[in-house]
Amino acid sequence: MKRGSRGVALVTGAARGIGHAISSRLAVSGFDLALVSLEAEAPTLAHFIRDGVPAEYFSNDIADIDGHSELIDRVENALGPITCLVNNAGVTSMVRGDLLDVTPESFDRSVAVNLRGTFFLTQAVARRMLVTATPGCHQTIITISSANASIVGENRGDYCMTKSALAMMNKLFASRLASSGITTFEIRPGIIETEMTAPAAERYEPFIQTGGVPMRRWGQAEDVAQAVATLATGGLPFTTGVHIDVGGGMQLHRV
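Attention here is on the structure that accompanies the text. On a predicted model such as this, the values are computed, not experimentally measured, just so you know.

Rules used throughout
Residues numbered from 1 in each chain as written. Predicted model: local features only at pLDDT ≥ 70, side-chain atom pairs only at ≥ 80, totals over all residues. Heavy atoms only, no water. Helix = DSSP H or I, 4+ residues; strand = E, 2+ residues; numbered from the N terminus. Rg over C-alpha atoms; globule rule 2.2 N^0.38 Å. Buried < 20%, exposed > 50% of the residue type's maximum accessible area, 1.4 Å probe, protein only. Contact = heavy atoms within 4.5 Å. Areas by Shrake-Rupley, 256 points an atom, 1.4 Å probe, with all protein chains shown as cover. Lys, Arg positive; Asp, Glu negative; His and termini not counted. Charge placed at Lys NZ, Arg CZ, Asp CG, Glu CD. Salt bridge = Lys/Arg side-chain N within 4 Å of Asp/Glu carboxyl O. Phe/Tyr/Trp six-rings, centres within 6.5 Å; stacked < 30°, edge-to-face > 60°. Expected span 1.5 Å × (residues − 1). Pairing = 2+ DSSP bridges. Right-handed = clockwise from strand over helix to strand, strands pointing away. Axes fitted to C-alpha atoms, helices over the stretch in contact; angles between N-to-C directions.

1. Quick notes on the overall build of the protein
Here is step 1 of the chain: Helix and strand counts for the protein stand at 7 helices and 7 strands.
Here is step 2 of the chain: Counting from the amino terminus, helix and strand elements in the protein follow one another as β-α-β-α-β-α-β-α-β-α-β-α-α-β.
Here is step 3 of the chain: For the protein, the C-alpha radius of gyration of 18 Å lies close to 18 Å, the compact-globule estimate for 255 residues.
Here is step 4 of the chain: Reported as C-alpha extents along the three principal axes, the dimensions of the protein are approximately 50 × 40 × 35 Å.
Here is step 5 of the chain: The burial tally for the protein puts 50% of its 255 residues in the buried class.
Here is step 6 of the chain: For the protein, contacts bridging at least 24 residues in sequence account for 70% of all contacts bridging at least 6.
Here is step 7 of the chain: Roughly 12,000 Å² of accessible area belongs to the protein as shown, and the carbon and sulfur atoms make up 56% of that amount.
Here is step 8 of the chain: When the 21 positive and 25 negative side-chain charges of the protein are each reduced to one mean point, those points stand 8 Å apart.

Right, here's the structure in full:
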């Protein structure tokens, strides 16, 4: 796919893990990349430059909603109009434990990043998309939530609630933007092998291998990236506002 033929993809939480895999897959699919993360410098930017991918890194905290407009300006000035937004940045609970012990600090942090920051960045990008349509380029907004949008994770209740709220956010933006040709999707990863899941690996491994995940393997970041690329390139042209489970069957209700 010709570089930049699909426009510019802005990927939050792009420094590593799922975000890096998504960025790599979108680059192969023809997108130029706006990589956004908290780090002062992008540890993965050199990877894209070496491969000849037009990519820029933007250090940004999406929880700082006052900085969203400036971020979008910087992306547009460097690369051009955004045609794909991937809301991947997120945080888990500060401590996994009893629901009765969730602290206001952990709750507020989850809301600030996972929900408030994501909502207002989506709002800001959607406004720009409506006035900067790129001829021949599909426009889409893809939000990475979690299997915990619907599956109870009692030991990280604040995280679960924010991810559940993102499910409604996806539907709301789908309804608002569909008539303008902008599609929105939610992807719900299951147990993906990343730095975030590493602390719980000993607990997850027997669950996976005994059928808690019917495919009996860990999910990989590339599994999520492939789903994102399918949606971002218009692979489901008459679909919007839906969620896609990427969990090896874990989200199936079985008796």
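Let's pick the thread back up.
2. Examining unusual backbone geometry
Here is step 1 of the chain: Although it is not a glycine, Arg216 sits at a positive phi angle of roughly 55 degrees.
Here is step 2 of the chain: Counting through the fold element by element, Arg216 comes out in the loop between helix H6 (201-212) and helix H7 (221-232).

3. Details of the pattern of salt bridges
Here is step 1 of the chain: Scanning the entire structure with this criterion turns up 7 salt bridges.
Here is step 2 of the chain: Note that Glu186 and Arg188 form a salt bridge whose closest N and O atoms lie 2.8 Å from each other. As far as the burial class goes, Glu186 and Arg188 line up, both buried.
Here is step 3 of the chain: Of the charged contacts, one joins Asp223 and Arg217 as a salt bridge, the two residues approaching to 3.0 Å between their closest N and O atoms.
Here is step 4 of the chain: Look at the salt bridges and you will find they share partners, linking Arg16, Glu39 and Glu195 into a network.

4. Topic: the packing of aromatic side chains
When we look at a pair of aromatic rings, we describe it by the centre distance and by the angle of the planes.
Here is step 1 of the chain: Inspection of every chain in the model, using the stated rule, returns 3 aromatic pairs.
Here is step 2 of the chain: Both rings, one in Phe119 and one in Phe173, keep their centres 5.5 Å apart while their planes meet at 45 degrees; by these two values the pair is tilted. One end of the pair, Phe119, is in helix H4 (residues 104-131); the other, Phe173, is in helix H5 (residues 157-177), and 54 residues separate them in sequence.
Here is step 3 of the chain: With 6.0 Å between their ring centres and 85 degrees between their planes, Tyr204 and Trp218 make a pair best called edge-to-face.

5. Remarks on H7
Here is step 1 of the chain: For H7, spanning 12 residues, the distance from its first C-alpha to its last is 16 Å, which sits close to the expected 16 Å at 1.5 Å a residue.
Here is step 2 of the chain: By the burial criterion, the buried members of H7 are Ala221, Val224, Ala225, Ala227, Val228, Ala229, Leu231 and Ala232.
Here is step 3 of the chain: Elements in contact with the buried residues of H7: helix H1 (17-28), strand S4 (82-87), strand S5 (139-144), strand S6 (182-189) and strand S7 (243-246).
Here is step 4 of the chain: Phi for Gly234, located one or two positions after H7, is positive at around 80 degrees.

6. What about the pairing of S6?
Here is step 1 of the chain: The element S6 is extensively covered by neighbouring structure, given that 8 of its 8 residues are classed as buried.
Here is step 2 of the chain: Alternating residues of S6 divide into Ile182, Thr184, Glu186 and Arg188 and Thr183, Phe185, Ile187 and Pro189, and every residue in both groups is buried.
Here is step 3 of the chain: Both S5 and S6 contribute to a ladder of 6 bridges, which runs parallel. Looking at the pairing, Ile142 lines up with Phe185 of S6.
Here is step 4 of the chain: With H5 bridging S5 and the parallel S6, this β-α-β connection has right-handed handedness.
Here is step 5 of the chain: Bridge analysis of S6 against S7 gives 4 bridges, and the strand direction is parallel. Opposite Arg188, over in S7, you have Asp245 as the bridge partner.

7. Some thoughts on the environment of Ala133
Here is step 1 of the chain: Looking at the secondary structure, you find Ala133 in the loop between H4 and S5.
Here is step 2 of the chain: Between the C-alpha atom of Ala133 and that of Ser180, which follows or precedes it by 47 residues, the distance is 9.6 Å.

8. As for the sheet that holds strand S2 (residues 32-37)
Here is step 1 of the chain: Taking strand neighbours across the sheet as the criterion, the 7 strands line up as S3-S2-S1-S4-S5-S6-S7 in an open arrangement whose pairing is parallel. Single-partner strands in this sheet number two, and they are strand S3 (55-59) and S7. Taken pair by pair, the neighbouring strands of this sheet meet at an average axis angle of 20 degrees, ignoring direction.
Here is step 2 of the chain: Packing against the sheet, helix H3 (residues 68-78) makes contact with strand S1 (8-12), S2, S3 and S4, and its axis sits at approximately 160 degrees to S3.
Here is step 3 of the chain: Against the sheet, H5 engages S4, S5 and S6, with an angle of about 165 degrees to S6.

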